[in-house]
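Residues per chain are reported as follows:
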Amino acid sequence: MEIPRVGPNGSGMSVTIADNRDVTTSSDSPATLAIDVDDVRFAYGDTLAVDDVSFTVAPGQILGFLGPNGAGKSTTIKMLTGQLRPDTGKISILGMDMPGQREQIQGRLGVCFEEKNLYLSMTGSENLVFFAKLFGIQGFKPEPLMERVGLSTRLDDRVSEYSKGMRQRLMVARALLNTPDVLLLDEPTAALDPVSAIGVRDIIREEAARGAAVLLTTHDMHEADDLSDHVAFINQGKILTIDTPENLKLTHGTRSVRIRARHGADIEEEVIPLDEEGAEDRIRDAVSTEGLLTIHTEEATLEDIFVEYAGRGLT
Amino acid sequence: MSLRRSWYVFGRELKLSPRSPLVFFAIAMPFLITFLISSVFGSLFDVNPKLGIVDEGDSAMTVAAQQLDGVDTTVVADAITLRTRVESHDFDAGLVLPAGFDAAVRAGENPDLQFYVSGESLASTRAIIAVTTIDLVRGVAGDEPPVDVVVTPVGAEDYVPISDRLLPTMVIYAVMIAALFLPAASLVDEREKRTLDAVLVTPTTITDVLVGKGTFAVILATVMGVVTLALNNAFAGQPGTMTLILFIGSMMLMLMGLILGLWAKDITTLYTAIKAGGIVIFLPVLFTLFPGLPQWIPKFVPTYYFLQPIYDIAIRGDTFADVLPEVAIALVICIALVPLVAWVAKRAEHELAITV
């Protein structure tokens with residue numbers, strides 16, 4: 001079974017992923033890939049957390065990493081940040097070896113943790129200035145970044161006085177302060193209200209448009225669908241598949257049209273599978289029926305497809 | 001390792017120190033403990049009683065008083081100034097010797113002697129000055145002492161008063177909170193709140209963090225140790241040597257603090273470890289307080305090798321050369337702790353990464 005891996009063009013070299021299926025990947029050479037993970041394995045003692053995982057992310061792309069708790073998402077991110085050293089396999093980021101060139105790579109990484117690990121006794125701007133110094137950024141001004149995440153009025157307030165959502169936005173700002181080439185975002189919209197979540201998603205898109213490679217872990221299938229160029233399903237340490245959301249939805253489940261129409265006192269509903277023979281005629285007839293109420297196209301959701309692959313849901 | 005990043009970590013610790021209760025405690029402790037101990041036992045290293053004299057007639061008492069070893073005598077121009085300075089506790093007491101005082105004493109006339117005593121002076125100091133003054137008057141009168149006093153030393157010849165034996169207690173308290181407890185608690189806090197994760201995914205290494213936190217702890221501990229010695233006049237004329245020994249002691253405790261902070265999984269574990277293991281750190285102090293105990297036992301405890309030199313210099317008047325062997329051992333202990341810290345740090349970094 002061929003499953004395209006992340007890459008701008010969707011074709012190229014063939015590698016083996018978790019379940020030993022050959023996978024077609026992008027044509028990017030390793031030098032142009034922002035993230036190149038090759039047959040990486042990591043175990044916590046006897047428990048295998050990441051099992052021969054391989055994937056790539058090109059500059060400017062967003063890869064959504066989807067899986068339930070304990071699937072291996074965070075362990076994979078920790079290997080990308082250099083916090084954990086893989087037992088086997090190879091990780092290359094921006095053409096450099098991780099963990100061999102850890103410091104050089106970390107200088108170009110932006111990381112947003114799921115846990116709100118900010119210095120609570122410092123103000124928002126002090127947090128950013130401190131981390132900017134650690135990145136070696138001279139003359140850093142926190143104001144534009146705070147403005148970008150909607151915290152410009154809370155610059156000098158201690159983080160302990162911030163709401164959960166404000167802390168999350170500050171986490172996003174901290175991940176961006178070194179204008180990273182690779183962004184690793186672990187549940188970046190968790191705890192955000194819908195308006196703030198939209199703002200953060202816009203920032204993620206802007207960063208990708210700037211050329212940053214983005215690895216995004218989320219439980220939110222709609223967010224993954226909305227943001228990701230490609231999504232990877234991960235379960236029990238294995239990557240089950242990687243593809244564009246569109247391809248996944250087209251190649252899994254059934255495309256159909258759901259039509260509701262009033263017949264006398266009754267409302268009738270008809271589902272017409274698009275791949276069935278005569279579907280066009282049936283739709284035409286249904287649309288011309290008097291009493292037509294609604295027409296909806298339907299396709300499999302990423303959640304449905306994940307269940308199909310993993311045999312379980314995301315939660 | 002990057003010294004620049006260590007400097008930033010140091011700067012952060014320094015900047016946040018006014019917001020930290022622990023730093024406040026570390027700074028307040030030397031003052032608090034000095035106040036408490038001096039309230040109970042008097043000043044550890046009492047200076048000589050201070051006597052002011054207004055001499056309106058070239059009295060022989062003035063010359064005799066100035067020659068005393070045990071009293072610091074100052075001649076003042078007039079009685080008003082003397083009274084003012086006694087009131088402000090510049091002097092423990094003040095004497096006004098009127099013109100013709102010596103002649104009147106020798107003639108047996110019982111002249112008046114104006115004697116001011118500071119309300120803030122200790123009772124012991126007042127007694128010393130009163131007895132000294134009577135002795136000086138007797139000298140002017142030419143009286144022979146009515147008795148011959150035979151002095152017989154009893155008890156241990158090298159007996160040190162309890163108040164002096166408390167010096168190591170004060171020093172260890174002053175140094176330990178800043179050097180050991182502060183970096184340990186700070187590290188545990190960063191691990192518990194996962195802020196260390198955020199720092200370690202920047203180009204900053206665990207070594208940078210430890211150097212920054214450790215430097216802050218050592219500087220603060222050394223300063224507080226110096227303040228403690230200064231408050232108690234315990235430099236014994238060797239401030240440079242004392243500061244060096246305090247610095248080495250602070251280094252030793254800081255390295256122990258880093259090991260504890262990297263090892264303890266949470267703040268409760270840290271408190272428990274310090275409570276349980278504190279006896280080892282304090283052991284030399286107990287043996288100084290109770291000199292009848294076998295004095296070879298505290299030599300197995302690292303803190304002995306900086307507390308004992310401070311005690312020996314301050315109390316026994318030893319020189320740096322005398323205490324050099326102990327100081328050298330303290331330095332060797334510090335050097336030996338460095339690779340241990342590095343090993344524990346590596347282990348802690350991995351533990352941190354695999355902990356969800």
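Residues numbered from 1 in each chain as written. Chains lettered and ligands numbered in written order. Predicted model: local features only at pLDDT ≥ 70, side-chain atom pairs only at ≥ 80, totals over all residues.

Student: I keep staring at the overall build of chain B and nothing clicks. Help me out?
Tutor: Within chain B one finds 14 helices and four strands. Relative to the compact-globule value of 21 Å for 356 residues, chain B shows a C-alpha radius of gyration of 27 Å, a clear excess of over 25%. Each of the three principal axes of chain B carries a C-alpha extent, and together these read 95 × 45 × 35 Å. Across the 356 residues in chain B, those meeting the buried criterion constitute 41%. (Helix = DSSP H or I, 4+ residues; strand = E, 2+ residues; numbered from the N terminus. Rg over C-alpha atoms; globule rule 2.2 N^0.38 Å. Buried ≥ 20, exposed ≤ 12 C-beta atoms within 10 Å, placed from the backbone.)

Student: Help me understand the sheet that holds strand β14 (residues 266-273) of chain A in this model?
Tutor: The pairing of strands in a sheet happens through backbone hydrogen bonds and is either parallel or antiparallel. Residues and elements named next belong to chain A. The three strands lie next to each other as β14-β13-β15, forming an open sheet whose pairing is antiparallel. This sheet does not close on itself; its edge strands, each paired only once, are β14 and β15 (292-298). Put simply, the sheet's adjacent strands are angled 15° from each other on average, direction ignored. Alignment of strand β13 (residues 256-263) against β15, held across six bridges, turns out to be antiparallel. Looking across to β15, one finds that isoleucine 259 is bridged to isoleucine 295. Packed onto the sheet, helix α9 (residues 279-288) meets β13, β14 and β15 and runs at close to 160° relative to β14. (Pairing = 2+ DSSP bridges. Axes fitted to C-alpha atoms, helices over the stretch in contact; angles between N-to-C directions. Contact = placed C-beta atoms within 7 Å.)

Student: When you look at the domain arrangement of chain A in this model, what are you seeing that I'm missing?
Tutor: The extent of an interface is frequently quoted as the accessible surface area lost upon association of the parts. According to the domain assignment, chain A contains domain 1 (14-244) and domain 2 (254-298). Inter-centroid distance (C-alpha atoms) of domain 1 of chain A to domain 2 of chain A is 43 Å. (Domains from an automatic or database assignment.)

Student: Honestly, the environment of asparagine 117 of chain A in this entry has me stumped. Any pointers?
Tutor: When you line up the elements, asparagine 117 of chain A lands in the loop between β8 (109-112) and α3 (124-134). Judged by local crowding, asparagine 117 of chain A falls into the partly exposed class, with 18 C-beta atoms found within 10 Å. Residues asparagine 117 of chain A and glycine 311 of chain A, spaced 194 residues apart in sequence, show a C-alpha to C-alpha distance of 34 Å. Beyond its immediate sequence surroundings of up to four residues, asparagine 117 of chain A is in contact with Lys193, Arg194, Thr195, Asp197 and Ala198 of chain B.

Student: How should I be thinking about the domain arrangement of chain B in this particular structure?
Tutor: Domain parsing of chain B yields domain 1 (3-10 + 17-42 + 166-354) and domain 2 (50-141). For domain 1 of chain B and domain 2 of chain B, the distance between their C-alpha centres works out to 47 Å.

Student: How should the interface of chain B and chain A be read in this particular structure?
Tutor: At the junction of the two partners, chain B supplies 18 residues and chain A supplies 21 residues. Mapped onto the side of chain B that touches chain A, the elements with two or more residues apiece are α1 (3-16), α9 (195-200) and α14 (320-354) of chain B. If one sorts the elements of the side of chain B that touches chain A by residue count, α9 of chain B sits on top with five residues. The class makeup of the residues in the side of chain B that touches chain A is nine nonpolar, three polar and six charged. (Nonpolar A, V, L, I, M, F, W, Y, C, P; charged D, E, K, R; others polar.)

Student: Sorry, what's going on with the confidence of the model for chain B here?
Tutor: Predicted coordinates in regions of low pLDDT should not be interpreted in detail. Per-residue confidence for chain B averages 87 on the pLDDT scale, and 95% of its residues sit at or above 70. Across chain B, element-level confidence peaks in helix α11 (residues 239-263) of chain B with a mean pLDDT of 95 and bottoms out in helix α7 (residues 162-165) of chain B with 77. (pLDDT = per-residue confidence, 0-100.)

Student: Quick question: what am I supposed to make of the packing of α3 of chain A against α1 of chain B here?
Tutor: Between two packed helices, what matters for the description is the angle formed by their axes and the separation of those axes. The interhelical angle for the contact between α3 of chain A and α1 of chain B, taken along N-to-C directions, is 160°, at an axis separation of 9 Å. In terms of axis orientation, α3 of chain A runs roughly antiparallel to α1 of chain B. Both α3 of chain A and α1 of chain B take part in a crossing whose hand is left-handed. Residues Phe130, Lys133 and Leu134 of chain A of α3 of chain A lie in contact with α1 of chain B, whose contacting residues are Arg5, Tyr8 and Arg12 of chain B. Looking at the contact of α3 of chain A with α1 of chain B residue by residue, the class counts come to three nonpolar, no polar and three charged. (Parallel < 35°, antiparallel > 145°, perpendicular 65-115°, else oblique. Left-handed = near helix turned anticlockwise from the far one by under 90°.)

Student: Teacher, can you tell me more about the nonpolar core here?
Tutor: The nonpolar side chains of a soluble globular protein tend to be buried with one another. Val214 of chain A together with Val175 of chain B are the most contacted members of the largest nonpolar core, which totals 155 residues. A total of 18 residues in this core trace back to one element, the largest contributor, which is helix α8 (residues 167-192) of chain B. Contacts of valine 175 of chain B, omitting those with residues within four sequence positions, involve Ala221, Met224, Gly225, Leu246, Gly249, Ser250 and Leu253 of chain B. Membership of the second largest hydrophobic core comes to 19 residues, among which are Ile53, Val54, Phe91 and Leu95 of chain B. (Core = buried A, V, L, I, M, F, W, Y, C linked by C-beta atoms within 7 Å.)

Student: For this particular structure, what's the right way to read helix α1 (residues 73-81) of chain A?
Tutor: Think of an α-helix as 3.6 residues a turn; residues three or four steps apart then line up on the same face. Among the nine residues of α1 of chain A, nine are classified as buried, and the element is accordingly described as predominantly covered. Those residues of α1 of chain A that sit buried are Lys73, Ser74, Thr75, Thr76, Ile77, Lys78, Met79, Leu80 and Thr81 of chain A.

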